Amino acid sequence: GQSLEQPSEVTAVEGAIVQINCTYQTSGFYGLSWYQQHDGGAPTFLSYNALDGLEETGRFSSFLSRSDSYGYLLLQELQMKDSASYFCAVSGSARQLTFGSGTQLTVLP
Amino acid sequence: GAVVSQHPSRVICKSGTSVKIECRSLDFQATTMFWYRQFPKQSLMLMATSNEGSKATYEQGVEKDKFLINHASLTLSTLTVTSAHPEDSSFYICSARDRTGRETQYFGPGTRLLVL
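Just so you know, these numbers come straight off a predicted model, no measurement behind them.

Rules used throughout
Residue positions are given per chain, counting from 1 as you read along its sequence in written order. For this description, chains carry letters from A and ligands carry numbers from 1, given in the order in which they are written. Local features in this predicted model are restricted to residues of pLDDT 70 or higher, and side-chain atom pairs are both shown and tallied only at a pLDDT of 80 or more, whereas totals for entire chains, interfaces and linings draw on every residue. To get the side-chain values, take all heavy atoms of the structure and skip hydrogens and water. Helix and strand assignments follow DSSP, with helices taken as H or I runs no shorter than four residues and strands as E runs no shorter than two, numbered in order from the N terminus. Both definitions apply: the radius of gyration is a C-alpha atom measure, and the globule rule equals 2.2 Å times residues to the power 0.38. Burial classification: accessible surface area is computed with a 1.4 Å probe over protein chains only, and a residue below 20% of its type maximum counts as buried, one above 50% as exposed, and the rest as partly exposed. In what follows, residue pairs with any heavy atoms lying within 4.5 Å of each other are defined as contacts. Where accessible areas are quoted, they stem from the Shrake-Rupley method and a 1.4 Å probe; at the residue level, only the protein chains shown are allowed to cover. Charge convention: Lys and Arg are scored as positive, Asp and Glu as negative, and His as well as the terminal groups of each chain are ignored. Charge coordinates come from a single atom per side chain, which is NZ of Lys, CZ of Arg, CG of Asp or CD of Glu. When two components associate, each loses some accessible surface as probed by a 1.4 Å sphere; the sum of these losses over both components is called the buried area. Polar contacts here mean pairs of N or O atoms no more than 3.5 Å apart (in protein, one a potential hydrogen donor and the other a potential acceptor; neighbouring residues in sequence count only if both atoms are side-chain atoms). Salt bridge, as used here: a side-chain nitrogen of Lys or Arg that lies within 4 Å of a carboxyl oxygen of Asp or Glu. Note on pairing: DSSP must find at least two bridges between two strands before they are called paired. The angle between two axes is taken between their N-to-C directions and runs from 0 to 180 degrees, where each axis is a line fitted to C-alpha atoms and a helix contributes only its stretch in contact.

Caption draft 1: Seen up close, the overall build of chain B. Counting secondary structure elements, chain B contains zero helices and 11 strands. Reading chain B from its N terminus to its C terminus gives the helix and strand order β-β-β-β-β-β-β-β-β-β-β. Here the C-alpha atoms of chain B give a radius of gyration of 13 Å, agreeing with the 13 Å that 2.2 N^0.38 yields for 116 residues. Overall size of chain B, expressed as C-alpha extent along the three principal axes, is 40 × 25 × 20 Å. Relative to its full complement of 116 residues, chain B shows a buried share of 53%.

In C-alpha cells, the structure reads:
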C-alpha cells in the first residue's frame with residue numbers, strides 16, 4: 001500500500017515563503033505530484049518530480065529525494081490567492097494517484 | 001492546456017435512483033481515466049481506474065456493482081451511481097492522462113452529488 005504524511009495546516013503572511021513537506025511510504029513509486037485545490041473546486045496540477053532534485057515553475061518549486069522518501073513544495077512571494085489546500089500525491093505502477101491528506105494554507109495580509 | 005469536463009456539475013436526486021456522471025477529455029485522447037471521491041474536508045480517494053475498451057479496475061472497498069464505470073472511447077468515461085443513498089453524497093472528480101504518457105493528470109471540475 002501507499003501512505004503519505006503532510007502537515008494539516010500552515011499559516012503565513014503575504015510576501016513570505018512557505019514550505020510544505022511530504023513524506024511517503026509506497027510499494028511502487030513513479031513520481032511525486034503536487035496539486036492545489038480551492039474550496040469547492042477541483043485539484044489543479046502544480047508540479048511533478050520523478051527524479052531527485054528541484055523543479056521550479058514560477059513562484060512554486062518542488063523538491064524530491066527518493067532515498068529519503070521525501071519531498072516538499074515551496075511557495076514564494078505568497079499572495080492571498082494562494083490560500084488553498086495543497087496535496088502531495090504519489091503515482092503508482094498504473095499511474096493512479098494516491099493523495100496525502102492535504103495541507104490547508106492560510107495566507108494572512 | 002488540456003481540458004477535462006464533467007457533466008453534470010451538480011445533481012440532487014432521491015434515494016434509490018441512479019445517477020450518471022460523464023467525464024470528457026476535450027482536446028486530447030485519454031487512454032486512462034480515474035474516478036475519485038472526496039468528502040468534505042477530506043482528501044481525494046481513488047475509486048477506480050478506467051481504461052478505454054476494457055473493464056475498470058476498482059480500489060479495495062469500492063463496490064463495482066454500485067459504481068458502474070464505462071470507458072467507451074478515448075475521450076469519454078462515465079460513472080453511474082446505482083441505487084444512490086444519502087451516504088453516497090459526495091464530490092466526484094475524474095481525471096485523465098493523455099496518450100503521450102506524460103505523467104500529468106488533468107482533473108475535471110467535479111460533480112457534487114446530493115442524495116436525499
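Caption draft 2: Molecular detail of the overall build of chain A. Of the regular secondary structure elements, chain A holds zero helices and 11 strands. Secondary structure elements in chain A, listed N-terminal to C-terminal, are β-β-β-β-β-β-β-β-β-β-β. Over its C-alpha trace chain A gives a radius of gyration of 13 Å, about what one expects of a compact globule, namely 13 Å for 109 residues. Along the longest, intermediate and shortest principal axes, the C-alpha atoms of chain A span 40 × 30 × 20 Å. By the burial criterion, 48% of the 109 residues in chain A qualify as buried. Summarising the internal contacts of chain A: among those between residues at least 6 apart in sequence, 56% fall at separations of at least 24. Counting only carbon and sulfur atoms, one obtains 47% of the accessible surface of chain A, whose full area is about 5,100 Å². Placing the 4 positive and 10 negative side-chain charges of chain A at their respective mean positions leaves the two points 9 Å apart.

Caption draft 3: Layout of the interface of chain A and chain B. Chain A puts 17 residues into the contact, and the matching count from chain B is 19 residues. Of all residues in chain A, Pro43, Arg95 and Phe99 of chain A give up the largest surface area on contact with chain B, accounting jointly for 32% of the area buried on that side. The tally of links from chain A across to chain B stands at four residue pairs in polar contact (both at pLDDT 80 or more). Elements supplying a minimum of two residues to the side of chain A that touches chain B: strand S4 (31-37), strand S5 (44-49), strand S9 (84-91) and strand S10 (97-99) of chain A.

Caption draft 4: Layout of the pattern of salt bridges. Residue and element names in this part refer to chain B. The final tally for this structure, using the stated rule, is three salt bridges over all chains. In this structure, Arg24 engages Glu22 in a salt bridge whose closest nitrogen and oxygen atoms are separated by 3.5 Å. The partly exposed category is assigned to Arg24, whose relative accessible area is 34%. Using a relative accessible area of 25% as the deciding quantity, one classes Glu22 as partly exposed.

Caption draft 5: Structural detail: the sheet that holds strand S8 (residues 70-75) of chain A. Residues and elements named next belong to chain A. Spatial ordering of the open sheet is given by S1-S3-S8-S7-S6, a layout of five strands whose pairing is antiparallel. Of all strands in the sheet, those bounded by a partner on one side alone are strand S1 (3-5) and strand S6 (53-57). Neighbour-to-neighbour, the strand axes of this sheet turn through a mean angle of 20 degrees, independent of strand direction. Bridge count for strand S3 (residues 18-25) against S8 is six bridges, and the pairing is antiparallel. Within S8, the residue paired with Cys22 across the bridge is Gly71.

Caption draft 6: Here's a closer look at the pairing of strand S5 (residues 44-51) of chain B. Residue and element names in this part refer to chain B. Among the eight residues that make up S5, six are buried, leaving the element largely enclosed by the rest of the structure. Taking the residues between adjacent antiparallel strands as the criterion, strand S4 (residues 30-38) and S5 are bridged by five residues, where Lys41 takes a positive phi near 65 degrees. One ladder, built from two bridges, connects S5 with strand S6 (residues 57-58); its direction is antiparallel. When the bridges of S6 are listed, Ala48 appears paired with Tyr58. Joining the antiparallel neighbours S5 and S6 is a turn of five residues, in which Gly53 adopts a positive phi near 80 degrees.

So, to be careful, I would describe these as geometric facts and stop short of saying anything about function.
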